[in-house]
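Spelled out, the chains give:
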Number of protein chains: 2
Amino acid sequence: MDEVAATPRSLKHVAVREYVRSLVEGADAGSPAPSERELVQRFGVARMTVRQAMDALVSEGLLERMPGRGTFVARPRRRVGRLTSFTEDMERRGMLAESQTLLARREQAGPGVAKALGITPGDAVIHWKRMRYADNAPMCIEDAYLNEVLLPGFLQAAMPTSLFDALAARGLRPTWAEDAITSDKANAEEANLLQVQPGTSVLVVARRALAGEKPVEVSRSVYRADRFTLWVQLGEES
Amino acid sequence: MDEVAATPRSLKHVAVREYVRSLVEGADAGSPAPSERELVQRFGVARMTVRQAMDALVSEGLLERMPGRGTFVARPRRRVGRLTSFTEDMERRGMLAESQTLLARREQAGPGVAKALGITPGDAVIHWKRMRYADNAPMCIEDAYLNEVLLPGFLQAAMPTSLFDALAARGLRPTWAEDAITSDKANAEEANLLQVQPGTSVLVVARRALAGEKPVEVSRSVYRADRFTLWVQLGEES
DNA sequence: TAGTGGTCTAGACCACTAT
DNA sequence: TAGTGGTCTAGACCACTAG
């Protein structure tokens, strides 16, 4: 009824959590965080409330508890295999990513693509094939199929440089992907597009990308191995 | 002093947690877990204690809370890029992994290896080069350097098939690795060992593996691309 | 309306660490 | 000995869901 509705309660544990986060952000690993009883005093809340706040930061990996000693800023966790787009990947390498569309049209899904996208063969898919450049030189040929049902009007809209951005705008930024990575020799067409000799060794990445539970993209990317090294971080379960 | 020392306290929240885990393990996703108040009754504990138990299972990804409805078995989380050994990898592919040592000796670390292992050039390293077979056919040439300081007497001991097992026995099973994946043409020696034509396209994986904070292994593996596809799962932060 | 999870209180005792 | 985090109690009110 009144304007308080947007934030119905103060959520004390959130207040405590964000206060501690602001203290701790940017601090060196090993710096002490306020003790729980100190936060109880400062905020005038029960200790269980403070613990709830700290629990969240601990499970986030920001803090580390040491019984009998106190709570401290944890060393940053190692990051495991983040999912990035070509554009983001090139940016991370300090290169400028550009694209040239080779083909963009509506097609009927073949059996392989249909299975990977979790649709029925013959269903509509968007077939988008692009040359990918980094610092003005050929880097990769990307051949992608997208689930048309999830992307109405995609081909009519102005084609963006970043597929991930376009998907993100529809709330479909991929959150998970499985890649199958192989090595091959460039055929005549690939060699021509990549501006290498036919038979040159290329790196081939076949990707199936999902946004939440929904498969959105299946693609095959052929990289120039002389310009591109794929970096992967692997870890045990967090 | 007496035999109770091994389990000094009953840890009620652990008892509740493991009880719920046993109920829930193997159950279908979406099945209801006992309600919190039901567990309060059954165990005669406070609700906060039950919540502590359930919190653990929720953050493990085993349970999912739905306010106003209850707590349910969560759908299994997607796994992100697990770190496996060659032996485990081949087992997962339903193939029999075997090895043949080509070289195993103590050496002085060169600058590149030293940097990767976080030691000083000239420090002792173990250089271990092996042929890796899968189902009795060549699959990979693995050329590894290990930090000798962490593995005293490694060369004197019987050389195991699985490096990961050997490291695990010393509490040094790698928990994190960064791979740099490229594609190349087999040179004469590689072609001979892999039993392919020289110039055949091969997949090259350069790995740096850490156990906790300690770099233990740096290696370069050359795979037959016609027999091997590398699978990688990528995800956003959990 | 009954039941669920979400939040919160105001205490308590314990084991452990550091001084 | 003083302080810390770990565990636990016995309540309470709230928003939400479902019948």
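Note: the structure precedes this text.
So, how was this worked out
Counting restarts for each chain: residues are numbered from 1 in the order of the written sequence. Think of it this way: whatever chain is written first is A, whatever ligand is written first is 1, and the rest follow in order. Predicted model: local features are reported for residues with pLDDT of at least 70 only, side-chain atom pairs are reported and counted for 80 or more only, and whole-chain, interface and lining totals are derived from all residues. Side-chain calculation: all heavy atoms of the structure are included, whereas hydrogens and water are not. Here, residues are in contact when the closest pair of their heavy atoms is within 4.5 Å. A 1.4 Å probe defines the accessible area here, and the buried area is the portion of it lost by two parts on being joined, summed over both. Throughout this description, the term salt bridge denotes a Lys or Arg side-chain nitrogen within 4 Å of a carboxyl oxygen of Asp or Glu. Side-chain atoms alone can form a polar contact between residues adjacent in sequence; in general such a contact is a pair of N or O atoms within 3.5 Å, and within protein one must be able to donate a hydrogen while the other accepts it. Elements are defined by DSSP. Helices are runs of H or I of four residues or more, strands are runs of E of two residues or more, and each kind is numbered from the N terminus. Following the grouping adopted for this structure description, the nonpolar residues are Ala, Val, Leu, Ile, Met, Phe, Trp, Tyr, Cys and Pro, the charged ones are Asp, Glu, Lys and Arg, and the polar ones are all others, Gly among them. Here a residue is considered near a molecule or strand provided that any single heavy atom belonging to it is located within 4 Å of it. Using only the protein atoms, space was sampled on a 1 Å grid; points where a 1.4 Å probe fits but cannot get out form cavities, open sets with protein on both sides within 12 Å along at least five of seven lines form pockets, and lining residues are those with an atom within 4 Å of a point. Grid points are joined across faces, edges and corners, and a volume is the space filled by probe spheres set on the points. Every axis in this analysis is a line fitted to C-alpha atoms, fitted for helices over the stretch in contact. Angles between the N-to-C directions lie between 0 and 180 degrees. For classification purposes, an angle smaller than 35 degrees is called roughly parallel, one larger than 145 roughly antiparallel, one from 65 to 115 roughly perpendicular, and anything else oblique. In this scheme the handedness of a crossing depends on how the near helix is turned from the far one: anticlockwise by less than a right angle means left-handed, clockwise means right-handed. Two strands qualify as a pair provided DSSP detects at least 2 bridges between them. We superpose the copies by least squares over the C-alpha atoms of residues that have a pLDDT of at least 70 in both of them.

Trainee: Give a detailed account of the interface of chain B and chain A, specifying residues and quantitative values.
Mentor: Listed per partner, the contact involves 42 residues of chain B and 42 residues of chain A. Buried surface at the junction of chain B and chain A, both sides included, amounts to about 3600 Å², of which 52% is carbon and sulfur. Counting across the interface, chain B meets chain A through 2 salt bridges. The residue Arg-75 of chain A makes a salt bridge to Glu-213 of chain B at a minimum N-O spacing of 3.3 Å. On inspection of chain B and its partner chain A, the count reaches 18 residue pairs in polar contact (both at pLDDT 80 or more). Contributions of two or more residues to the side of chain B that touches chain A are made by strand E6 (176–185), strand E7 (201–211) and strand E9 (230–235) of chain B. Sort the elements by how many residues they give to the side of chain B that touches chain A and E6 of chain B lands first, with 10 residues. Class assignment of the residues belonging to the side of chain B that touches chain A gives a composition of 17 nonpolar, 12 polar and 13 charged.

Trainee: Provide a residue-level description of the protein's contact with DNA strand D, including the pertinent values.
Mentor: What surrounds DNA strand D is a group of 26 residues, the closest being Arg-37 and Arg-65 of chain A together with Lys-12, Ala-46 and Thr-49 of chain B. For DNA strand D, the backbone portion of the atoms within 4 Å of the protein, that is sugar and phosphate, comes to 63%. A distance of 2.7 Å separates a phosphate oxygen of DNA strand D from a polar atom in the side chain of Thr-49 of chain B. Interatomic distance of 3.1 Å between a side-chain N/O atom of Gln-52 of chain B and a phosphate oxygen of DNA strand D. Sorting the residues of the surface near DNA strand D by element identifies helix H2 (36–43), helix H3 (47–60) and strand E2 (70–73) of chain A together with helix H1 (12–24) and helix H3 (47–60) of chain B as the ones contributing at least two each. It is H3 of chain B that provides the largest number of residues to the surface near DNA strand D, a total of 4 residues. Considered class by class, the residues forming the surface near DNA strand D number 7 nonpolar, 9 polar and 10 charged.

Trainee: Mind laying out the layout of surface pockets, listing which residues take part and the relevant values?
Mentor: Of the volumes computed, that of the second largest pocket is approximately 470 Å³. As for the second largest pocket, its lining consists of 28 residues, and the residues nearest its centre are Thr-84, Ser-85, Asp-89, Arg-207 and Tyr-223 of chain A. The set of elements that each furnish at least two residues to the lining of the second largest pocket consists of helix H4 (86–92), helix H6 (163–169), strand E7 (201–211), strand E8 (214–224) and strand E9 (230–235) of chain A together with E9 of chain B. Residue classes in the lining of the second largest pocket are distributed as 12 nonpolar, 8 polar and 8 charged.

Trainee: Tell me about the protein's contact with DNA strand C, and please be specific about residues and values.
Mentor: Neighbouring DNA strand C are 26 residues; Lys-12, Ala-46 and Thr-49 of chain A together with Arg-37 and Arg-65 of chain B lie closest to it. When atoms of DNA strand C within 4 Å of the protein are split into backbone and base, the sugar-phosphate part holds 63%. Note that a phosphate oxygen of DNA strand C is positioned 2.9 Å from one of the side-chain N or O atoms of His-13 of chain A. Here Arg-65 of chain B contributes a side-chain N or O atom positioned 3.0 Å from a phosphate oxygen of DNA strand C. Among the secondary structure elements, those contributing two or more residues to the surface near DNA strand C are helix H1 (12–24) and H3 of chain A together with helix H2 (36–43), H3 and strand E2 (70–73) of chain B. No other element matches the 4 residues that H3 of chain A contributes to the surface near DNA strand C. Residues of the surface near DNA strand C, tallied by class, amount to 7 nonpolar, 9 polar and 10 charged.

Trainee: An account of the environment of Val-204 of chain A is needed here, citing residue identities and associated values.
Mentor: All names here are of chain A. Within the secondary structure, Val-204 is located in strand E7. Residues Val-204 and Ala-186, 18 residues apart in the sequence, show an inter-C-alpha distance of 9.9 Å. Those residues in contact with Val-204, other than ones at most four positions away along the chain, are Ala-180, Ile-181, Thr-182, Asp-184, Arg-220, Ser-221 and Val-222.

Trainee: Talk me through the packing of H1 of chain A against H3 of chain A; I want residue IDs and the actual numbers.
Mentor: Residue and element names in this part refer to chain A. Across the interface, H1 lies against H3 with an axial gap of 8 Å and an inter-helix angle of 50 degrees. Accordingly, the angle class assigned to the pair H1 and H3 is oblique. The crossing of H1 and H3 is right-handed. Residues Lys-12, His-13, Val-16, Arg-17, Val-20 and Arg-21 of H1 lie in contact with H3, whose contacting residues are Thr-49, Gln-52, Ala-53, Met-54, Ala-56, Leu-57 and Glu-60. Looking at the contact of H1 with H3, its residues break down into 6 nonpolar, 3 polar and 4 charged.

Trainee: Please give an account of the sheet that holds E7 of chain B that cites residues and values.
Mentor: Across the sheet, 7 strands lie side by side as E9(A)-E6(B)-E7(B)-E8(B)-E5(B)-E4(B)-E3(B); this open sheet has antiparallel pairing. Across the chains shown, the open sheet's two edge strands, defined by having one partner strand only, are E9 of chain A together with strand E3 (97–108) of chain B. Here the average twist between neighbouring strands, direction ignored, is 20 degrees. Both E6 of chain B and E7 of chain B contribute to a ladder of 10 bridges, which runs antiparallel. Directly across from Asp-184 of chain B, in E7 of chain B, lies its bridge partner Val-202 of chain B.

Trainee: Quick one: what's the story with the relation of the copies chain B and chain A, residue by residue and with numbers?
Mentor: When chain B is brought onto chain A, the operation consists of a screw motion whose angular component is 180 degrees and whose axial shift is 0.1 Å, with 0.1 Å RMSD remaining. Here the transformation between the copies is reduced to the relation of a two-fold axis. Same-surface contact between copies: 100% of interface residues of chain B are shared with the interface of chain A.

Trainee: Pulling in residues and values, what's your account of empty space enclosed by the protein?
Mentor: Inspection of every chain in the model, using the stated rule, returns 1 cavity of 30 Å³ or more. One number sums up the size of the largest cavity: a volume of about 420 Å³. Thr-84, Ser-85, Asp-89, Arg-207 and Tyr-223 of chain B are the residues nearest the centre of the largest cavity, which is lined by 31 residues in total. Secondary structure elements with two or more residues in the lining of the largest cavity: E9 of chain A together with helix H4 (86–92), strand E4 (124–134), helix H6 (163–169), E6, E7, strand E8 (214–224) and E9 of chain B. Here the lining of the largest cavity is composed, by residue class, of 13 nonpolar, 8 polar and 10 charged.

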